[in-house]
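Observations on the three-dimensional arrangement
The lines below spell out each chain.
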Amino acid sequence: MLREHIFETGRLKLNYAVSEESGPPLVLLHGITQRWQSFLPILPFLTQSWQTYALDFRGHGKSDHAGLGQYRGEDYSADVIAFLEQRVGKPAVLLGHSLGGMVALYVASQSPELVRAVI
């Protein structure tokens, strides 16, 4: 069971869901036009062994919309880096689909100390 919360980046409010702690952190990053619920079919399997976080990117799901021109890979990645630093608090595995995969790779290249692995 995941519970939804709000994370404030300082610029935007981002919606995310988190499971009970049952292992190391795993952060799910969805594709463009999706939201964290796109991972619902696999969540029962992931939450057995991972503390699973599922983030709604800016402009997606219940997260705030950003201003014009603030939907670049760097913008999404800055949000994820802040989330990892302030909410997760330790290196996490990032599982990204489509846009989420691109963001995961960017985050790993910019802040490798926050990332254990990328899927």
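Please read these numbers as outputs of a predicted model, since none were measured by experiment.

**Brief notes about the overall build of the chain**
- Scanning the chain for helices and strands turns up 3 helices and 6 strands.
- When the elements of the chain are put in sequence order from the N terminus, they spell out β-β-β-α-β-α-β-α-β.
- For 119 residues, the compact-globule estimate of 2.2 N^0.38 gives 14 Å, and the chain sits close to it at 13 Å.
- Dimensions of the chain along its principal axes, counting C-alpha atoms only, are 40 × 30 × 25 Å.
- A buried classification covers 49% of the 119 residues belonging to the chain.
- Pairs at least 24 apart in sequence give 67% of the contacts found in the chain among residues at least 6 apart.
- Roughly 6,100 Å² of accessible area belongs to the chain as shown, and the carbon and sulfur atoms make up 53% of that amount.
- With 10 positive and 11 negative side-chain charges, the chain shows a spacing of 3 Å between the two charge centroids.

**Details of the packing of aromatic side chains**
- Applying the stated criterion across every chain yields a total of 5 aromatic pairs.
- For the pair Phe7 and Phe83, a centre-to-centre distance of 5.5 Å together with 85° between the ring planes defines the contact as edge-to-face. Taken together, the residues span a long stretch of sequence, with Phe7 in strand S1 (residues 3-8) and Phe83 in helix H2 (residues 73-88) at a distance of 76 residues. The pair formed by Phe7 and Phe83 is uniform in burial state, with each residue classed as buried.
- Measuring from ring centre to ring centre gives 6.2 Å for Tyr71 and Tyr76, while their planes differ by 55°; the resulting arrangement is tilted.
- On the basis of relative accessible area, Tyr76 is assigned to the buried category, the value being 5%.
- These aromatic residues form a ring-pair network of at least three members: Phe7, Tyr16, Tyr53 and Phe83.

**Quick notes on the packing of H2 against helix H3 (residues 99-110)**
- Look at H2 against H3: their axes get within 9 Å of each other, and the N-to-C directions meet at 65°. Seen along the crossing, H2 lies across H3 with a hand that is right-handed. Facing Gly73, Glu74, Tyr76, Ser77, Val80, Ile81 and Leu84 of H2, the residues of H3 in contact are Leu99, Met102, Val103, Tyr106, Val107 and Gln110.

The rules we used
Residues numbered from 1 in each chain as written. Predicted model: local features only at pLDDT ≥ 70, side-chain atom pairs only at ≥ 80, totals over all residues. Heavy atoms only, no water. Helix = DSSP H or I, 4+ residues; strand = E, 2+ residues; numbered from the N terminus. Rg over C-alpha atoms; globule rule 2.2 N^0.38 Å. Buried < 20%, exposed > 50% of the residue type's maximum accessible area, 1.4 Å probe, protein only. Contact = heavy atoms within 4.5 Å. Areas by Shrake-Rupley, 256 points an atom, 1.4 Å probe, with all protein chains shown as cover. Lys, Arg positive; Asp, Glu negative; His and termini not counted. Charge placed at Lys NZ, Arg CZ, Asp CG, Glu CD. Phe/Tyr/Trp six-rings, centres within 6.5 Å; stacked < 30°, edge-to-face > 60°. Axes fitted to C-alpha atoms, helices over the stretch in contact; angles between N-to-C directions. Left-handed = near helix turned anticlockwise from the far one by under 90°.

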